[in-house]
Amino acid sequence: MKPAKRSNVKTSVGGQAVLEGIMMRGPAKWCLAVRTPDGKVVAETHDTVMRPWAKWPFIRGVFNFVDSLVMGYKTLMRSAELAMGEEYEEEEPGKFDAWVEKKFGDAGTKVVMALASVLGIVLALGLFMFLPTGAVSLVDNFVPLGAAKPVLEGVVKILIFVLYLVLVRRMKDIHRVFSYHGAEHKTIYCYEAGDELTVENIRTHSRFHPRCGTSFIFIVLIISIFLNSALPWPAGAGGALLRMVLKLAMLPVVMAVSYEVLRLAGRYDNWFTRILSAPGMWIQRLTTNEPEDDMIEVAIAAVSPVLPPAAEAEEAPLPGPVG
């Protein structure tokens, strides 16, 4: 499928990199493309369900974040099945998995997977919300920090985030996912430029995109510094705990504002949006790699079925971040 020639169209297409593949999501369709062990590219296309809240400013940011998490998890699991092929189906379950399946059946396995997801969220909250507040409160007991506490709290969160990315990108499988991430960005940029979707054309485009999910996380961290500065930091032993509770209550607001900032940066290109995008674009140096040609081929297979007609490209709502 060849897009009509356009000039600097800001598309509604977004997606994410998965195991040996890419999921692309457009206004009407979404597609998961994965390279299987035999070298073939398997593409599965489905209808995109557009929720009513997708057009509600600020409200859409919170729901889109949750929807992206759920969809991302499902596509990641499906990509594992396709990428591993028969090896995935024939793999012997571990002792714990076998015990759960024996006692509770398929329902028990789903419960365990759901609990694992919840534990992952709890771990993320602990690293990026509780740990920074606790660390700054501990230091404040010895060296009074005053009004600088919210800023230092934000700096600690950013340092944890960057350190996490530096560590995980050293893993072989994650390094390949980050390469597919780069292929995804390059392909969307190629489409937005109105160029034909070929490996040669896509390779010439940047792997850094202002609407990236990594940029969204970084924007969340920055916005949280400003909004959480308005929250009280009570003194005493329970002060840090109370602040953590208040930050949890503020989290939906932070996500809502951050999503609108990300949409703004992805929709327009001027000095203001370039400043907004700069930190996230820099972080993408850690979360994207230059892709191989076969990875770009997978990206083309994923994006082609979901592209909107040229006449609708600029009018379609953005379903979510890129990558």
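This one's a predicted model, so the numbers in the text were calculated from it and none came from an experiment. (Residues numbered from 1 in each chain as written. Predicted model: local features only at pLDDT ≥ 70, side-chain atom pairs only at ≥ 80, totals over all residues. Heavy atoms only, no water.)

Once that is clear, we can look at the sheet that holds strand E4 (residues 41–47). Spatial strand order, E1-E2-E3-E4: four strands in an open sheet with antiparallel pairing. Of all strands in the sheet, those with a lone pairing partner are strand E1 (14–18) and E4, marking the two edges. Between one strand axis and the next, the sheet turns through 15° on average, direction left out of account. Note: strand E3 (residues 29–35) against E4, seven bridges, orientation antiparallel. Among the inter-strand pairings, Leu32 is bridged to a residue of E4, identified as Glu44. Packed onto the sheet, helix H1 (residues 59–84) meets E1, strand E2 (21–25), E3 and E4 and runs at close to 35° relative to E3. The sheet contacts of helix H10 (residues 293–303) involve E2, E3 and E4, and relative to E3 the element is tilted by about 155°. (Pairing = 2+ DSSP bridges. Helix = DSSP H or I, 4+ residues; strand = E, 2+ residues; numbered from the N terminus. Axes fitted to C-alpha atoms, helices over the stretch in contact; angles between N-to-C directions. Contact = heavy atoms within 4.5 Å.)

Now for the nonpolar core. Counting residues in each nonpolar core, the largest one holds 24 residues, and the members touching the most others are Val13, Ile22, Met24, Leu197 and Val303. Considering every element that reaches this core, the biggest residue donor is H10, with seven residues. Contacts of Ile22, omitting those with residues within four sequence positions, involve Gln16, Ala17, Cys31, Leu32, Ala33, Tyr180, Ala183, Glu184, Met295, Val298, Ala299 and Ala302. Counting ten residues, the second-largest nonpolar core is a separate cluster that includes Ile219, Leu231, Met250 and Val261. (Core = buried A, V, L, I, M, F, W, Y, C linked by side-chain atoms within 4.5 Å. Buried < 20%, exposed > 50% of the residue type's maximum accessible area, 1.4 Å probe, protein only.)

Before going further, it helps to spend a moment on helix H8 (residues 239–267). The end-to-end C-alpha distance of H8, which contains 29 residues, comes to 41 Å, matching closely the 42 Å that a straight helix rising 1.5 Å per residue would cover. Its maximal kink placed at Met250, H8 deviates by approximately 40°, while the proline Pro252 follows within four residues. (Expected span 1.5 Å × (residues − 1). Bend = angle between axes of the 7 residues up to and from the residue.)

In terms of burial, E1 is largely enclosed, as five of its five residues are buried. Burial along E1 is two-sided: the face carrying Gly14, Gln16 and Val18 and the face carrying Gly15 and Ala17 are both buried. Both E1 and E2 contribute to a ladder of five bridges, which runs antiparallel. Bridge pairing links Val18 to Gly21 in E2. Between the antiparallel neighbours E1 and E2 lie two residues, among them Glu20 with a positive phi of about 55°.

Quick look at the packing of helix H7 (residues 213–228) against helix H9 (residues 271–287) now. It is at 8 Å that the axes of H7 and H9 come closest, and there the two elements cross at 125°. Taken as axis vectors, H7 and H9 run oblique relative to one another. The two elements H7 and H9 meet at a crossing, and its hand is right-handed. Each of Thr214, Ser215 and Phe218 in H7 lies in contact with H9, whose residues at this interface are Pro279, Gly280, Met281, Ile283, Gln284 and Thr287. Here the contact of H7 with H9 is composed, by residue class, of four nonpolar, five polar and no charged. (Parallel < 35°, antiparallel > 145°, perpendicular 65-115°, else oblique. Left-handed = near helix turned anticlockwise from the far one by under 90°. Nonpolar A, V, L, I, M, F, W, Y, C, P; charged D, E, K, R; others polar.)

Time to look at a nonpolar patch on the surface. Together, Leu264, Tyr268, Trp271, Phe272 and Ile275 give the surface a local cluster of nonpolar side chains, amounting to about 560 Å² of exposed area. Sort the elements by how many residues they give to the nonpolar patch and H9 lands first, with three residues. Assignment of secondary structure puts Tyr268 in the loop between H8 and H9. Judged by relative accessible area, Tyr268 falls into the partly exposed class, the value being 47%. (Patch = residues over 30% accessible without salt bridge, like charges linked within 9 Å, V, L, I, M, F, W, Y side chains within 5 Å. Areas by Shrake-Rupley, 256 points an atom, 1.4 Å probe, with all protein chains shown as cover. Salt bridge = Lys/Arg side-chain N within 4 Å of Asp/Glu carboxyl O.)

So, on to the pattern of salt bridges. As enumerated under the stated definition, the model contains 13 salt bridges in all. Arg176 is the salt-bridge partner of Glu20, the closest N and O atoms lying 2.6 Å from each other. A residue pair is termed long-range when its members are at least 10 positions apart, and Glu20 in the loop between E1 and E2 and Arg176 in helix H5 (residues 172–192) qualify at 156 residues. Accessibility expressed as a relative area gives 22% for Glu20, which makes it partly exposed. Taking the shortest distance from any N to any O, the salt bridge between Asp47 and Lys29 comes out at 2.6 Å. Here Asp47, found in strand E4, pairs with Lys29, found in strand E3; they are 18 residues apart in sequence, far enough to count as distant. In this structure, a network of salt bridges that share partners links the residues Glu44, Arg78 and Glu81.

Since one α-helical turn is 3.6 residues long, residues separated by three or four positions face the same way. Here H1 spans 38 Å end to end across 26 residues, near enough to the 38 Å set by a 1.5 Å rise per residue. When H1 is considered as a whole, its buried residues turn out to be Arg60, Gly61, Asn64, Asp67, Met71, Gly72, Thr75, Ser79, Ala80, Leu82 and Ala83. Downstream of H1 by a residue or two, Gly85 has a phi angle that is positive, lying close to 60°.

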